[in-house]
Every structure is written in C-alpha cells, then in structure tokens.
Amino acid sequence: DAGITQSPRHKVTETGTPVTLRCHQTENHRYMYWYRQDPGHGLRLIHYSYGVKDTDKGEVSDGYSVSRSKTEDFLLTLESATSSQTSVYFCAISERAESGRYTDTQYFGPGTRLTVL
Amino acid sequence: QKEVEQNSGPLSVPEGAIASLNCTYSDRVSQSFFWYRQYSGKSPELIMSIYSNGDKEDGRFTAQLNKASQYVSLLIRDSQPSDSATYLCAVKSGNEKLTFGTGTRLTIIP
C-alpha cells in the first residue's frame, strides 16, 4: 500500500457539469499520475506531475486539467463533463527509494468510477 | 506512437499448469518493464519489474525479457484459481511515463 486514496470513489454526474477528482498520498512522493481505463484501450495517461505546481500532459489530456498546490494532493478536473469521459480513473505515484532517487515503479490508488449521463 | 501489444485472451489454463503471458513493444530504447495484475473492479497491483535481458524469478512468477526481440513475458507456475485476473504489461522509455498494453485476461480452471 503506497498510501494513496482517491475521492470520490463513485460519482454520477450530468453532461456539462464540472467534476473534480482528488488523489491524496501520505508518503511525500514526488511523481503523481492520472490515468483513465476503458475497455479495449487499457490504461491511458491523462496528466502527470513531477512536483508542486509542475505538471505535464499525457496522451489523452483534452478536456482535462490538473492542479497540484501541495505535495500530497493531485486534482483532476473535468471542466464540462461529456459522456465520453465516463470511465474509471486511477491515480498513481512513483515510489521513492530510500536513497532518495526516484524509481520508475508506479503504484495505483483504488480508482474512481465516473459516469456522465 | 509507442505501442505495447498483448493478446487480450481470454487465456484458460488448468489449475497447477504453467500460464504464459506475452507482450511485445515497439520502442527499441525502452528501459524498464513491468507486469501488473488487476482483479475485476480493483486497481492494478505490481507483480514484477525487469530491467535486464534474461529471467527474473519471484516465487511462482518468472519474468523474461528479450530486448533484441522486443519481447517480455510472464510465466506463472503451479497456477491457482486466485491467479485468475487481467495481466497488464507496461513499458517505460526514457521518461517517467509508462505505456500499458490492453491486458490479457487469464482464467485458471479448477
């Protein structure tokens, strides 16, 4: 357990409404990631963060924004949700080894199931 | 576009037999390779990581890497019903991002 929580765990919303998903970690990991998982597509990276206020886009970033104002929290926002954004969203972190160097091993949170009607 | 390919399955294996899961990748400079297991409705959990050509064993699991053939595999010995899950292959190439395959669904038949 890498100390990752996600909230909410389930959400149903309507098209056009804003939605914010939260990822919280307790172990001071530098790197955090947001993925979505859909049948037939596997896990796809939306955005990632390599430090406070340092973020970058992944392969499916359109329609999503992120923010990281504290090390422990990484927020994913859908400004105006669409039905195509119905998915399961996973947050992940990269583990920090005892030496302080970051490994490339990623660990996942429990996920948020989002339904956009 | 960096790609990671897996046979989607389902792959059915009798209990006690060896399950063999395969993955190919397109980026020749890929450096790190991972296998995750995902039960239905749950998050992916790391099983193995491998970085060098050859075999790496951990209990009943063996990861095999062949960079020349751009191929990584996972063997599960003495398969148990609890091994029934979807197995995801992931590849890292030069930055902090992973590319995932779509996963192979494995069913162990008692």
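Summary of the structure given here. (Residues numbered from 1 in each chain as written. Chains lettered and ligands numbered in written order. Predicted model: local features only at pLDDT ≥ 70, side-chain atom pairs only at ≥ 80, totals over all residues. Heavy atoms only, no water.)

1. Looking at the interface of chain A and chain B
Tallying the contact residues gives 22 residues for chain A and 18 residues for chain B. The contact between chain A and chain B buries some 1500 Å² in all, and 55% of this surface belongs to carbon and sulfur atoms. At the surface where chain A touches chain B, the tally comes to 0 salt bridges. Going through the elements one at a time, β4 (32-38), β5 (42-51), β9 (87-96) and β10 (102-108) of chain A are the ones with two or more residues in the side of chain A that touches chain B. In terms of residue count, β10 of chain A provides more of the side of chain A that touches chain B than any other element does, 6 residues in total. Of the residues contributing to the side of chain A that touches chain B, the split by class is 10 nonpolar, 9 polar and 3 charged. (Contact = heavy atoms within 4.5 Å. Buried area = accessible area lost by both parts, 1.4 Å probe. Salt bridge = Lys/Arg side-chain N within 4 Å of Asp/Glu carboxyl O. Helix = DSSP H or I, 4+ residues; strand = E, 2+ residues; numbered from the N terminus. Nonpolar A, V, L, I, M, F, W, Y, C, P; charged D, E, K, R; others polar.)

2. Things to note about the nonpolar core
Ranked by internal contacts, the top residues of the largest apolar core, which has 23 residues, are Trp35, Val72, Leu74, Ile76 and Tyr87 of chain B. Among the secondary structure elements, those contributing two or more residues to this core are β3 (19-25), β4 (32-38), β5 (45-50), β7 (61-66), β8 (71-76), β9 (85-92) and β11 (104-109) of chain B. With residues up to four places along the chain from it excluded, the contact list for Tyr87 of chain B reads Gln6, Leu21, Trp35, Tyr36, Arg37, Ile47, Leu74, Ile76, Gly103, Thr104 and Leu106 of chain B. One finds Leu21, Cys23, Val66 and Tyr89 of chain A within the second-largest nonpolar core, a separate group that totals 19 residues. (Core = buried A, V, L, I, M, F, W, Y, C linked by side-chain atoms within 4.5 Å. Buried < 20%, exposed > 50% of the residue type's maximum accessible area, 1.4 Å probe, protein only.)

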